[in-house]
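Remarks on the overall topology
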There are 2 protein chains.
Amino acid sequence: MSRPTLDFYLEFASTYSYPAAMRIGALAQAAGVAVRWRPFLLGPIFKAQGWDNSPFNIYPAKGRYMWRDLDRICARLGLPFRRPDPFPQPSLLTARLAHVGLDESWGEGFCRAVYAAEFGEGRQIGDEGVLRDLLQGLGVAVEPVLVRARSDEIKERLRATTAEAQARGVFGAPTFICADGELFWGHDRMAEAMAWAVRK
Amino acid sequence: MSRPTLDFYLEFASTYSYPAAMRIGALAQAAGVAVRWRPFLLGPIFKAQGWDNSPFNIYPAKGRYMWRDLDRICARLGLPFRRPDPFPQPSLLTARLAHVGLDESWGEGFCRAVYAAEFGEGRQIGDEGVLRDLLQGLGVAVEPVLVRARSDEIKERLRATTAEAQARGVFGAPTFICADGELFWGHDRMAEAMAWAVRK
């Protein structure tokens, strides 16, 4: 019998995707769930909803609350937290690199390294130099990987993943979708999504 | 020593306020917290954000998810659930009546009765006949209470509560605010708000 799967839709600019990405491995192992990491872009989905920016910037009271809430969550989980400036960070190249890494062996480690740099240390993930550092830290050969990240194949893969997310009802990140299509939105629904994935 | 207090901002049209209102009494008793029920109107706050309707209607993917999520929450809590039609329900008279009741002894029971009728049975809480039924069920003298609900004093009290909520950073419902100003948004943050209220 294969393990039940859970699709994990993550966006590298997304604040609540940070604690989700840092925790999902341990939770999935404990629950016996295989996680499929699906990096996508929220930008096109937000645009379809009429937003040209993060809703946390468009609606200031909501934004102020989100930063405070994330601060509390990270404190509780023992995760370092630093608010990235600017917010949101450009996440296009990172998302393409993640798709390259998920084809190989270093994808999940790269995703975690990006989130740790961005929200734990406040580094600029839109800066190619920062991404090179992170790849090197994972022992990845940087040049061929950057070339592949900019290939038509990977660009199209990211577009397709974003279209897939939108078609499955994703409207924010992180989102978790079980094999039966059941969707859970938000870091605070991650454990519930795991429980749904393994229920008989 | 008096018990720590928690301000509970509720809107009668708000879906997630339903499980919060049904559960907060037991949670507060267990935690040793005194809850101040603060019925307010989301309409003016949404309008200030540029919305003339519920965000769950404006953003259909988010709306579809919310209904499913609420269904799961109610199933888990053993609460009956029926989606009210139309949504959102007009909540003005109900909110005014709740302020009358909170001056007297039947306010919290009335709030719970409204939510149970609206989201448990799908009844029309904008209909004065339904509200009369609920008041009668609580043993309240209906006529004088309706007169008082429409008095300038109570109208102004509801306006002031909405302005107070907005000034304190409320942008959705339910919202919980501790004595030190710490704000928690959403039914899924209620236990955390209680824990914050009693922490030393």
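Residues numbered from 1 in each chain as written. Chains lettered and ligands numbered in written order. Predicted model: local features only at pLDDT ≥ 70, side-chain atom pairs only at ≥ 80, totals over all residues. Heavy atoms only, no water.

**Some details on the packing of helix H5 (residues 92-103) of chain B against helix H7 (residues 128-137) of chain B**
Residue and element names in this part refer to chain B. In contact at an axis separation of 10 Å, H5 and H7 are set at 25 degrees when each is read in the N-to-C sense. Taken together, the axes of H5 and H7 lie roughly parallel to each other. The chirality of how H5 crosses H7 is right-handed. Mapping the contact onto sequence places Leu-93, Thr-94 and Leu-97 in H5 and Glu-128, Leu-131 and Leu-135 in H7. A per-class count over the contact of H5 with H7 returns 4 nonpolar, 1 polar and 1 charged. (Axes fitted to C-alpha atoms, helices over the stretch in contact; angles between N-to-C directions. Helix = DSSP H or I, 4+ residues; strand = E, 2+ residues; numbered from the N terminus. Parallel < 35°, antiparallel > 145°, perpendicular 65-115°, else oblique. Left-handed = near helix turned anticlockwise from the far one by under 90°. Contact = heavy atoms within 4.5 Å. Nonpolar A, V, L, I, M, F, W, Y, C, P; charged D, E, K, R; others polar.)

**Some points on helix H6 (residues 107-120) of chain A**
Residue and element names in this part refer to chain A. Between its terminal C-alpha atoms H6 stretches 19 Å, which fits the 20 Å expected from 14 residues at 1.5 Å a residue. Buried within H6 are the following residues: Gly-107, Phe-110, Cys-111, Val-114, Tyr-115, Ala-117, Glu-118, Phe-119 and Gly-120. The secondary structure elements touched by the buried residues of H6 are strand E1 (5-10), helix H1 (17-31), strand E2 (34-39), helix H5 (92-103) and helix H7 (128-137). Directly after H6, the chain includes Gly-122, whose backbone phi takes a positive value near 70 degrees. (Expected span 1.5 Å × (residues − 1). Buried < 20%, exposed > 50% of the residue type's maximum accessible area, 1.4 Å probe, protein only.)

**Some remarks on the sheet that holds E1 of chain A**
Residue and element names in this part refer to chain A. Pairing in this open sheet of 4 strands is mixed, and the strands run E2-E1-E3-E4 from one edge to the other. In the strand order of this sheet, the two ends are held by E2 and strand E4 (183-185), each with one partner. Sheet twist, expressed as the average angle between the axes of neighbouring strands with direction ignored, equals 20 degrees. Contacting E1 and E2, H6 runs over the sheet at an angle of about 60 degrees to E2. Relative to the sheet, helix H10 (residues 190-198) contacts E1, E2, strand E3 (175-178) and E4, its axis offset from that of E3 by approximately 10 degrees. (Pairing = 2+ DSSP bridges.)

**Comments concerning the packing of H5 of chain A against helix H8 (residues 142-149) of chain A**
Residue and element names in this part refer to chain A. Put simply, H5 and H8 touch, their axes get as near as 9 Å, and they point 110 degrees apart. If you check the angle between H5 and H8, you find them roughly perpendicular. By crossing handedness, the relation of H5 to H8 is classed as right-handed. On the side of H5, the interface is formed by Leu-93, Arg-96, Leu-97, Val-100 and Asp-103, while H8 contributes Val-145, Leu-146, Arg-148 and Ala-149.

**Remarks on the nonpolar core**
Ranked by internal contacts, the top residues of the largest apolar core, which has 84 residues, are Phe-8, Phe-12, Leu-97, Phe-110 and Phe-176 of chain A. Counting residues per element, this core draws most heavily on helix H4 (residues 60-77) of chain A, at 7 residues. What Phe-12 of chain A contacts, discounting residues up to four positions off in sequence, is Pro-39, Ser-91, Thr-94, Ala-95, Ala-98, Cys-111, Val-114, Tyr-115, Glu-118, Phe-119 and Ile-125 of chain A. Ala-20, Met-66, Leu-70 and Leu-135 of chain B belong to the second largest nonpolar core, which has 52 residues in total. (Core = buried A, V, L, I, M, F, W, Y, C linked by side-chain atoms within 4.5 Å.)

**Some words on the packing of aromatic side chains**
Each aromatic ring pair is characterised by the separation of its centres together with the angle its planes make. Residue and element names in this part refer to chain B. Taken as a whole and judged by the stated rule, the model has 34 aromatic pairs over all chains. Where Tyr-9 meets Phe-40, the ring centres are 6.0 Å apart and the plane angle is 85 degrees; that geometry is what we call edge-to-face. Of the two residues, Tyr-9 is situated in strand E1 (residues 5-10) and Phe-40 in the loop between strand E2 (34-39) and helix H2 (43-48); the sequence distance between them amounts to 31 residues. The class for Phe-40 is buried, based on a relative accessible area of 0%. Arranged with centres 5.5 Å apart and planes meeting at 25 degrees, the rings of Tyr-18 and Phe-119 form a pair that is stacked. Of this pair, Tyr-18 sits in helix H1 (residues 17-31) while Phe-119 sits in helix H6 (residues 107-120), and the two are 101 residues apart along the sequence. (Phe/Tyr/Trp six-rings, centres within 6.5 Å; stacked < 30°, edge-to-face > 60°.)

**What about the interface of chain A and chain B?**
Contact with chain A, which involves 22 residues of that partner, is made by 22 residues of chain B. A combined buried area of about 2,100 Å² lies between chain A and chain B, and 49% of that area is made up of carbon and sulfur atoms. The largest share of the area that chain A buries against chain B comes from Tyr-59, Lys-62 and Tyr-65 of chain A, three residues that together contribute 27% of it. Two residues, Arg-72 of chain B and Glu-192 of chain A, come together in a salt bridge whose shortest N-O distance is 3.7 Å. (Buried area = accessible area lost by both parts, 1.4 Å probe. Salt bridge = Lys/Arg side-chain N within 4 Å of Asp/Glu carboxyl O.)

**Some points on the relation of the copies chain A and chain B**
Applying a rotation about an axis and a shift along it to one chain copy brings it onto the other copy. Screw-axis analysis of chain A against chain B gives a translation of 0.0 Å along the axis, an RMSD of 0.0 Å, and a rotation angle of 180 degrees. The transformation just described matches what one would write down for a two-fold rotation axis. Taking the C-alpha atom as reference, chain A places Asp-188 of chain A closest to the rotation axis, 4.0 Å from it. (Least-squares fit on C-alpha atoms with pLDDT ≥ 70 in both.)

**Quick look at the pairing of strand E3 (residues 175-178) of chain B**
Taken residue by residue, a regular strand's side chains alternate between the two faces of the sheet. Residue and element names in this part refer to chain B. Burial of E3 is two-sided: the residues Thr-175 and Ile-177 facing one way and the residues Phe-176 and Cys-178 facing the other way are all buried. The pairing of E1 with E3 spans 4 bridges and is antiparallel. Its bridge partner lying in E3, Tyr-9 is registered against Thr-175. The pairing of E3 with strand E4 (residues 183-185) spans 3 bridges and is classified as antiparallel. Residue Phe-176 lies in a different strand from E4, and its bridge partner there is Phe-184. Count of turn residues in the E3/E4 antiparallel hairpin: 4 residues, of which Gly-181 carries a positive phi of about 95 degrees.

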